[in-house]
Structure formats: structure tokens, C-alpha cells
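A look at the structure
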Amino acid sequence: TLTRFSRIDTAFYGDRLEDLSDGWVRGKTVAMGVEEASADFDEFAVDALEAMALRMGISPEVIEAESTTTTVAQGAGIHKRWLKAVARVIQHVSPLRGTLAMRILGQAHAYLRNQYVHDEVNKLVRPLFEDDEPMLVVSHSLGTVVSLRILRDFVEEGRPRQVPLFVTLGSPLGILSIRNSFERPRRLPTGTARWVNGADPEDFVALESALTEQTFAAGIENYSDIENGPEDPHDIIRYLGDQRIAKEIADAISRP
């Protein structure tokens, strides 16, 4: 069957973004990473990290108890004590999830708050969006943030991309600090016909499983009950293996 799509392109920027992120983002000790982070990161991440802890079943009382014994360096930001307490509790319950949380939040902070990092990542991703032919965009994790930012850039430049289907999987766009990094009005980018979002309720990177008018923007179609299994609910392979997501992509490719 003839389709509108002539090729498959894949952008990989993870190694470059990790190189450009602060060293503590790559560290193995979650609490120590928080200790070394900037006050700007504290403000960016405090609500998200607390929400992640609550998603993991950690009660506010446990975090409060930890905060009473937490010490921080003199002159640290106003959020440091609480953020470090949350990080220590997460590290105790699930070091792997804590490391993932710090990496996602640290890299999102670098991309959204540092213009040089933003531009370096976009140099690797934006060329894939330059073609004027219709494109199906499938994105995962922080890639949903990068893809949406680039699509919005093209709209602002008066060159909206033709996107019959924009897919976001395991997206952190519902995290308050990330959501607020996108200027209002937040909506489907001009030229994007459909936006389908998929999330596993246990994927704590996707803090808001459904991206709605309240959690990001109106008009997004959600599959917020994907089952990726307990080992790694954030896994891109399992997301793509969901029959509904696979069908959405297949139908978009074959639609005349």
C-alpha cells in the first residue's frame, strides 16, 4: 500500500544531553545529587519529586519525619531541606527509581532552563522536522518535551509542520514545572491533526497519566491505562508493544 511516509528517521540526543547536564545528574547517590544541585533546580524539582514519592506510596508523614533529621549546607535554597528529605526517602524505597527521577528532572531542567543546552539538543533533533512532507512523530519520556518544543517553534516561525499523528509515551509534560515551561495557550500545535498520549499508571515519570485541559491542554486523546509490567513501567519497548498504540501508529502510516 502506498503511504504518505517515505522513510523513518530517529534522533538520538541522550548522550549529548547527559554530557551537558550537571555532573550530579549522572551520580549514583540520589540524595547527594540533590545536595549538589543548584537553588534553581530545587525550585524546579521540589513539587515533582514530592509527587513522585507519593506515587510510590511514600506518605507525607514519612517525608516530614525525614525532614526533621535532614541537614543542609548554610545558605542553601529554601527548598533544599525538603527536597533532600524526599530524595533520601525515595532512595531508601527504590534507588533505581530515584536515580531515574533525578536524571529525568535534571535533564529536563538543563534543557528547559539553559539556552545553550536547549540549542545543542535541538541541533540534533530539529533537522528531522525540516522536511515539508507529512510526518508521524512518536516520542518518549523527555523526547516528548523536546518534540513539542520544536513543533511549537515551527508554528511561531510561520512554518507549521504537517503532523497527522503526534504520539507521546511516558511523558513528563504533566509535571507542573515542565508544564509551566510552555507558554499559554497550551494546545495542539497548528498542523497537528491528532495527539495521542499513552501512559502506564505505575510510570511515575508520567506523573499525570492523562494529559487533559487541566494537566496540560485540551484535545489530547489518552490511553492512560497501559500495562507495562512491574519491572520497568517507563520502558519504551513495552509502550510500543501496547496493541492500541501500535494500531494508532500503523493506521496513521497506512491511511491514504
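One can find the structure itself at the top, above this paragraph.
In every chain, residue numbers begin from 1 and rise along the written sequence. Per-residue local features of the predicted model are confined to residues with pLDDT of at least 70, and side-chain atom pairs are confined, for both listing and counting, to 80 or more; whole-chain, interface and lining totals are unaffected and use all residues. Calculated side-chain values reflect all of the structure's heavy atoms, with hydrogen atoms and water omitted.

**Brief notes about the environment of R187**
Mapped onto the elements of the fold, R187 is located in the loop between α9 (176-179) and β3 (195-198). Separated by 48 residues in the primary sequence, R187 and S139 place their C-alpha atoms 17 Å from one another. If we ignore the near neighbours within four places in the chain, the residues touching R187 are R152, W195 and A217. Helix numbers and strand numbers start at the N terminus; a helix is a DSSP run of H or I with at least 4 residues, a strand a run of E with at least 2. A contact between two residues is defined here by any heavy atoms of the two lying within 4.5 Å.

**Regarding the layout of surface pockets**
Grid spacing is 1 Å over the protein atoms alone, the probe is 1.4 Å, and a cavity is where that probe fits but cannot get out, while a pocket is an open set with protein on both sides within 12 Å along at least five of seven lines and lining residues have an atom within 4 Å of a point. Grid points are joined across faces, edges and corners, and a volume is the space filled by probe spheres set on the points. Each pocket or cavity is described by its volume, and for the largest pocket that value is around 1,300 Å³. Around the largest pocket, the lining comprises 39 residues; the ones closest to its centre are D9, T10, A11, V138 and S139. Elements supplying a minimum of two residues to the lining of the largest pocket: α1 (14-20), α6 (95-113), β1 (136-140), α8 (142-156), α10 (236-241) and α11 (243-254).

**Overview of the packing of α6 against helix α7 (residues 115-125)**
Relative orientation of the contacting elements α6 and α7 amounts to 95 degrees, with a least axis distance of 5 Å. Between α6 and α7, the angle is such that the two are roughly perpendicular. Mapping the contact onto sequence places A110, Y111 and R113 in α6 and Q115, V117, H118, V121 and N122 in α7. A class-by-class count of the residues in the contact of α6 with α7 yields four nonpolar, three polar and one charged. Orientation is described by axes fitted as lines to C-alpha atoms, over the contacting stretch for helices, and by angles from 0 to 180 degrees between their N-to-C directions. For classification, angles of less than 35 degrees are called roughly parallel, those exceeding 145 degrees roughly antiparallel, those between 65 and 115 degrees roughly perpendicular, and all remaining angles oblique. Note on residue classes: Ala, Val, Leu, Ile, Met, Phe, Trp, Tyr, Cys and Pro are nonpolar, Asp, Glu, Lys and Arg are charged, and everything else, Gly too, is polar.

**Considerations on the nonpolar core**
Side-chain atoms within 4.5 Å are what join buried Ala, Val, Leu, Ile, Met, Phe, Trp, Tyr and Cys residues into a set we call a nonpolar core. Relative accessibility under 20% of the residue-type maximum defines a buried residue, over 50% an exposed one, and the middle range a partly exposed one, all with a 1.4 Å probe and only protein chains included. Core analysis: the largest hydrophobic core is formed by 56 residues, its most contacted members being L49, L173, I178 and F216. Setting aside residues up to four positions removed in sequence, L173 forms contacts with T144, V145, L148, I178, R179, F182, W195, L211, T215 and F216.

On their own, these measurements won't tell you what the molecule is for.
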